[in-house]
Amino acid sequence: MASSSSSCNTIFLGFFVYLSLTHLTTFISANKVYVVYMGSSDNQDPDQILTRNHQILTSVHSESVEEAKASHLYSYKHGFKGFAAKLNDDQALQISKMEDVISVFENKKRKLHTTHSWDFIGLGEEETMEIPGFSTKEQVDVIIGFIDTGIWPESPSFGDSDMPPVPPEWKGICQSGEAFNATNCNRKLIGARYYHMGYEAEQQQQQHNKLNQKHLENTDDPKKKLSFRSPRDSNGHGTHTASTAAGRYVAMSYNGLAGGGARGGAPMARIAVYKTCWDSGCYDADILAAFDDAVRDGVHIVSLSLGPDAPQGDYVSDAISIGSYHAVSRGITVVSSVGNEGGKGSATNLAPWLITVAASSTDREFTSKLQMGNGVTLKGESLGVYEMKAPARIISASIANRGFFTPYQSSYCLESSLNHTKTKGKVLLCRHTERSTESKLAKGEVVKAAGGVGMILIDESDKDVAIPFKFPAAIVGKRMGNRILSYINNTRKATTRIFASKAKIGSQPAPRVASFSSKGPNALTPEILKPDVTAPGLNILAAWSPAIGKMKFNILSGTSMACPHVTGIVALIKAVHPSWSPSAIKSAIMTTATVFDKKGNPIRVDPESRRGNAFDYGSGFLDPTAVLDPGLVYDSNPTDYKSFLCSIGYNQKMLHTITRDNTTCKSKPFSNHPSSLNYPAILVPNLKSTFSVTRTLTNVRNLKQKMSYSYRAVVSTPLGIEVDVHPRRLVFNRYGQKMNFTVTFRKNSAPSQGYVFGYLQWKNRKTRVTTPLVVRVVPSNLGVVV
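Residues numbered from 1 in each chain as written. Predicted model: local features only at pLDDT ≥ 70, side-chain atom pairs only at ≥ 80, totals over all residues. Heavy atoms only, no water.

- Looking at an unreviewed UniProt entry, the protein carries the name Subtilisin-like protease, with the source organism given as Lactuca virosa.
- As recorded by UniProt, the Sequence similarities (unreviewed entry) comment attached to the protein reads in full: "Belongs to the peptidase S8 family." (UniProt positions renumbered as here; feature names shortened; annotations may be inferred.)

Next comes the structure, spelled out in structure tokens:
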């Protein structure tokens, strides 16, 4: 493993030297990795930060320099202060009680939130991605940092032809490692780093716990090799997300499907990769090291298609919340995915300074024709290129049970559950409940191994996710599955023929919110809307790592794929409006989004096709043609986020440690309620009788001399709620002018149960600035007063 000048390998005042896993002493092998967060660096000398880290670690190791050295993993000293180290529970508790420490938390694992989409969104085909009325050529000065699984630099999506030299303010590096060196970077891929110490420490601990051995197993075995120890991507996820956001224009297809030209949202923007994610996940210690370096390197945007499991922990014990807070405080916009857990209240990446993205469909489907023996033609979802040459008998997997497996168990085509004699030569109708692609592929392998010639999979959760089956197979929803089952049960010898998949555009209403996309309300701070916006995340074609399946391109689904769509749009906004704050950019995206599909009907949510609401899609579906001229924005600054932290219970000591300035929770105009944050959505989750919220709008449209713009308030009232807006008219006559308005909510005599939804629009002839309104009335017997 090669060392570098990155913070993860910085010499710790000649003291904390880099240690490989083989040098870790056995006395710490049973310890856990903890992150110690100590707030803002406040331009403090990095050497002073390192000295303090050294003092803390030495003090909890009985003043033993050797033990302190062996325990240390990272120091964070650019964007914020802190370190990661292997500690036992008592040592972690000691450190947590120290005066300048905000939080100490375990090195938790985060999960990856695993083309035509840009045409569907509404951007042009040319590589400049120009939007009528605006020049986005300055995207060559915008640098996007991707915290992910790395990159496959040889992909044509990352070529640098016709690109100018690297911006002179760039301070990053191209870190060498396994199968990767400085020549792999170019004028497009301008920086690459990798972080492995948090991950490897956890892997060593797992091996120790599992095998009770002092040394790791030989990791040179190619079957056990998890990844390149370098920025090179052996997973594919990081390459896919980077090319979706900022890939060059290239010809691509997936096994002949969906062929044509594809490009990212900002094809001329620069890419810097920070590889923190490995085959087993992404660990907090490494994620924070990546954020720390990204701040120092000079990125303008950070994109993370990953996150914690729901429910998410507190903001100061969550690596993504901490890293993004300090990045945003320095003017860096951070875009994240909401998660793939699908259920109500499952949203993650909940911090208000993040842009959190849900996943929705485009109007392109990948379908396989199912020709039934009774002449009926159905369609299923698939990326399969295999088809049956002739019809075959179709049976329910429940009657093909084997040995001690019950018909119910075999109906799910569990491993070893199928009788080979009953299955051979037949198509099996199987059931499925899990969400992962791997579990669906595995069912196909089970049927194939048992002699089946095809499979129809009834998937009740996310039937629209196309899967690359290795033999004739397709996915259908519950309703169609029951229809096929009825045909089987009422026909003496039911047959079917499964055809190869084809790409089809425009056959269904779109966008639709994907069934797997995690949803609100925000379980940590219900006054903050999450997700913020939705973008294409279903069956997205982009670049891939040939290390997986020897493919250069692949189709994936997930909020991981939706996140880089917004990242690309953020890069275009930065190109046109380089001085806009992260919150102004976020506001422009949210207030111009639409809640209607391409046919003008309300956006629906899969799989049951119910009408969507703000907890499904946030403010709506991304509209890139409107974001560059939103008219008005809800702007916020670091002081507003400090006020927010005060409003949710952070005390003066903790606030000072996080921010390193003299502001206190008693400072004006700090609020005592989180709904007061100047957010582009207004949520009142606990309305007892009457509640008022004040917001500030900033004019971002350049006005000619003696010209003004007048906006009037239009309200779609949440059911059972009275809404008053004062004033009802706002007049702006100069760029940057700010105006306040107040929204008052009152419950009427017959309030609705649960959350109700509406919107406030500031409207003139040219612009509509739309703000979601979400209210929940608290029953009187709960005694909550708001």
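### Some remarks on the pairing of strand β10 (residues 270–275)
Step number 1: Buried residues dominate β10, accounting for six of its six residues.
Step number 2: What you see with β10 is no split at all: Arg270, Ala272 and Tyr274 on one side and Ile271, Val273 and Lys275 on the other are buried throughout.
Step number 3: Bridge analysis of strand β6 (residues 143–148) against β10 gives six bridges, and the strand direction is parallel. The residue of β10 that forms the bridge with Gly145 is Ala272. (Buried < 20%, exposed > 50% of the residue type's maximum accessible area, 1.4 Å probe, protein only. Helix = DSSP H or I, 4+ residues; strand = E, 2+ residues; numbered from the N terminus. Pairing = 2+ DSSP bridges.)

### Side note on the pattern of salt bridges
Proximity of charged atoms lets side chains of opposite charge pair with each other.
Step number 1: For the structure shown, the criterion picks out 23 salt bridges.
Step number 2: The shortest N-O distance in the salt bridge between Asp89 and Lys32 comes to 3.0 Å. Remark: Lys32 occurs in strand β1 (residues 32–37) and Asp89 occurs in helix α3 (residues 89–96); sequence separation between them is 57 residues.
Step number 3: A residue is classified by how much of its surface remains accessible, and Lys32, at 28% relative accessible area, is partly exposed.
Step number 4: The salt bridge partner of Arg187 is Asp160, with a shortest N-O separation of 3.2 Å. Highlighted residues: Arg187 in the loop between β6 and β7 (189–194) and Asp160 in the loop between β6 and β7, separated in sequence by 27 residues.
Step number 5: What makes Arg187 partly exposed here is its relative accessible area of 34%.
Step number 6: It is possible to trace a salt-bridge network through shared partners that takes in Arg193, Asp293, Arg296 and Asp297. (Salt bridge = Lys/Arg side-chain N within 4 Å of Asp/Glu carboxyl O.)

### With respect to the nonpolar core
Step number 1: The biggest cluster of nonpolar side chains holds 69 residues, and the ones touching the most others in it are Tyr74, Tyr76, Tyr274, Phe291, Val302, Leu306 and Trp353.
Step number 2: Ignoring any residue separated from it by four or fewer positions in sequence, one finds Val302 in contact with Gly145, Ile147, Phe291, Ala294, Ile332, Thr333, Val334 and Val335.
Step number 3: In terms of nonpolar packing, the next biggest core, distinct from the first, is built from 65 residues, Ala246, Ala400, Ala514 and Val570 among them. (Core = buried A, V, L, I, M, F, W, Y, C linked by side-chain atoms within 4.5 Å. Contact = heavy atoms within 4.5 Å.)

### So, the state of the cysteines
Step number 1: According to the stated counting rule, one finds three disulfides in the structure shown.
Step number 2: Linked covalently through their sulfurs, Cys174 and Cys185 form a disulfide whose S-S length is 2.0 Å. Measuring the twist about the S-S bond at about 85 degrees, one finds the Cys174-Cys185 disulfide to be right-handed. Note that Cys174 is positioned in the loop between β6 and β7 and Cys185 in the loop between β6 and β7, a separation of eleven residues in sequence.
Step number 3: When its relative accessible area of 18% is taken as the criterion, Cys174 is described as buried. (Disulfide = S-S within 2.5 Å.)

### Looking at the packing of aromatic side chains
Step number 1: Tallying each qualifying case throughout the model produces 16 aromatic pairs.
Step number 2: Relative to Tyr412, the ring of Tyr408 lies with its centre 5.3 Å away and its plane at 65 degrees, an arrangement referred to as edge-to-face.
Step number 3: The exposure class assigned to Tyr408 is exposed, which follows from its relative accessible area of 58%.
Step number 4: A centroid spacing of 5.0 Å and a plane angle of 65 degrees characterise the contact between Phe741 and Trp762, whose relative ring orientation is edge-to-face. Placement of Phe741 in strand β36 (residues 738–747) and of Trp762 in strand β37 (residues 755–763) is noted, with a sequence separation of 21 residues between them.
Step number 5: Judged by relative accessible area, which is 1%, Phe741 ranks as buried. (Phe/Tyr/Trp six-rings, centres within 6.5 Å; stacked < 30°, edge-to-face > 60°.)

### Points about empty space enclosed by the protein
Step number 1: Its boundaries defined by the atoms lining it, the second largest cavity holds a volume of some 70 Å³.
Step number 2: Along its surface, the second largest cavity is lined by Tyr37, Tyr315, Val316, Ser321, Ile322, Tyr325, Trp353, Leu645 and Ile658.
Step number 3: For the lining of the second largest cavity, the per-class residue count stands at eight nonpolar, one polar and no charged. (1 Å grid on protein atoms, 1.4 Å probe; cavity = no way out; pocket = protein on both sides within 12 Å on 5 of 7 lines; lining within 4 Å. Points joined across faces, edges and corners; volume = space filled by probe spheres on them. Nonpolar A, V, L, I, M, F, W, Y, C, P; charged D, E, K, R; others polar.)

### Considerations on the confidence of the model for the protein
Step number 1: In this model, the protein carries a mean pLDDT of 87, and residues with pLDDT of at least 70 account for 87%.
Step number 2: The low-confidence segment residues 1–29, where pLDDT is below 50, has 80 contacts with residues more than four positions distant or belonging to other chains.
Step number 3: A low-confidence stretch, residues 782–786 (pLDDT under 50), is modelled with eleven contacts involving residues beyond four sequence positions or located in other chains. (pLDDT = per-residue confidence, 0-100.)

### What about helix α16 (residues 638–647)?
Step number 1: Among the ten residues in α16, seven count as buried, and that is most of the element.
Step number 2: Inspection of α16 places Tyr641, Lys642, Ser643, Phe644, Leu645, Cys646 and Ser647 among the buried residues, and these make up the whole buried set.
Step number 3: On the buried face of α16, the contacting elements are α8 (319–329), α14 (582–591) and α17 (652–659).
Step number 4: Structurally, the start of α16 carries an N-cap: the backbone nitrogen of Thr639 is 2.9 Å from a side-chain oxygen of Asn637.
Step number 5: Gly649, located one to two residues past α16, shows a positive phi value of around 105 degrees. (Polar contact = N/O pair within 3.5 Å; in protein donor to acceptor, adjacent residues only side chain to side chain.)

### Observations concerning the layout of surface pockets
Step number 1: Here the second largest pocket is characterised by a volume of approximately 810 Å³.
Step number 2: Taken together, 33 residues line the second largest pocket, and the ones lying closest to its centre are Thr594, Val595, Phe596, Tyr759 and Thr770.

### Section: the sheet that holds strand β3 (residues 82–87)
Step number 1: Strands sit in the order β2-β3-β1-β4 across an open sheet of four strands; the sheet is antiparallel. Looking at which strands have only one partner, the edges of the open sheet turn out to be β2 (72–76) and β4 (103–106). Pairs of neighbouring strands in the sheet enclose a mean axial angle of 20 degrees, with direction left out of account.
Step number 2: Pairing of β2 with β3 involves four bridges; the strand directions are antiparallel. Across the sheet, Ser75 pairs through a bridge with Phe83, a residue of β3.
Step number 3: Sheet strands in contact with α3 are β1, β3 and β4, and its direction is about 155 degrees off that of β3. (Axes fitted to C-alpha atoms, helices over the stretch in contact; angles between N-to-C directions.)

### Here's the deal with the UniProt feature "active site" (unreviewed entry) in the protein
Step number 1: Summarizing the sequence annotation, UniProt attributes the feature "active site" (unreviewed entry) to Asp148, His237 and Ser560 in the numbering used throughout. Taking the farthest pair of C-alpha atoms as the criterion, the annotated set spanning 413 residues converges on one region, since that pair is 10.1 Å apart.
Step number 2: As for its position among the elements, Asp148 is in strand β6.
Step number 3: Once residues lying within four places of it in the same chain are set aside, the contact partners of Asp148 are Leu112, His237, Gly238, Thr241, Tyr274, Lys275, Thr276, Cys277 and Ser305.
Step number 4: Structurally, the position occupied by Ser560 is in helix α13 (residues 559–576).
Step number 5: Residue Ser560 is classed as buried on the basis of its relative accessible area of 0%.
Step number 6: One polar contact links Ser560 to His237, side chain to side chain, over a distance of 2.8 Å.

### Describing the packing of helix α6 (residues 237–246) against α13
Step number 1: Axis separation between α6 and α13 bottoms out at 7 Å; the angle between their running directions is 35 degrees. The handedness of the crossing between α6 and α13 is right-handed. Each of His237, His240, Thr241, Thr244 and Ala245 in α6 lies in contact with α13, whose residues at this interface are Ser560, Met561, Pro564, His565, Thr567 and Gly568.
Step number 2: Here the contact of α6 with α13 is built from residues that sort into three nonpolar, eight polar and no charged. (Left-handed = near helix turned anticlockwise from the far one by under 90°.)

### Overview of the environment of Lys519
Step number 1: By the secondary structure assignment, Lys519 is in the loop between β24 (512–513) and β25 (533–536).
Step number 2: Here Lys519 falls in the buried class, since its relative accessible area comes to 6%.
Step number 3: Measuring from C-alpha to C-alpha, the distance between Lys519 and Ala358 comes to 7.9 Å, with 161 residues separating the pair along the chain.
Step number 4: If we skip the residues at most four places from it in the chain, Lys519 touches Gly342, Gly343, Lys344, Gly345, Ser346, Ala347, Ala514, Val605, Arg610, Phe615 and Asp616.
Step number 5: One polar contact links the side chain of Lys519 to the main-chain carbonyl oxygen of Ser515, over a distance of 3.3 Å.

### Let's talk about α8
Step number 1: Burial within α8 is extensive, with ten of its eleven residues counted as buried.
Step number 2: Restricting attention to buried positions, one finds in α8 the residues Ala319, Ile320, Ser321, Ile322, Gly323, Ser324, Tyr325, His326, Ala327 and Val328.
Step number 3: Immediately downstream of α8, the backbone of Gly331 shows phi near 90 degrees, a positive value.

### Focus on the sheet that holds strand β30 (residues 632–633)
Step number 1: The sheet built from four strands is open, its strands ordered β30-β32-β36-β34 with antiparallel pairing. The open sheet has two free edges, formed respectively by β30 and β34 (721–726), since each of these has just one partner strand.
Step number 2: Strand direction decides the pairing type here: β30 and strand β32 (residues 690–699), joined by two bridges, are antiparallel. The residue bridging Leu632 from the neighbouring strand is Asn699, located in β32.

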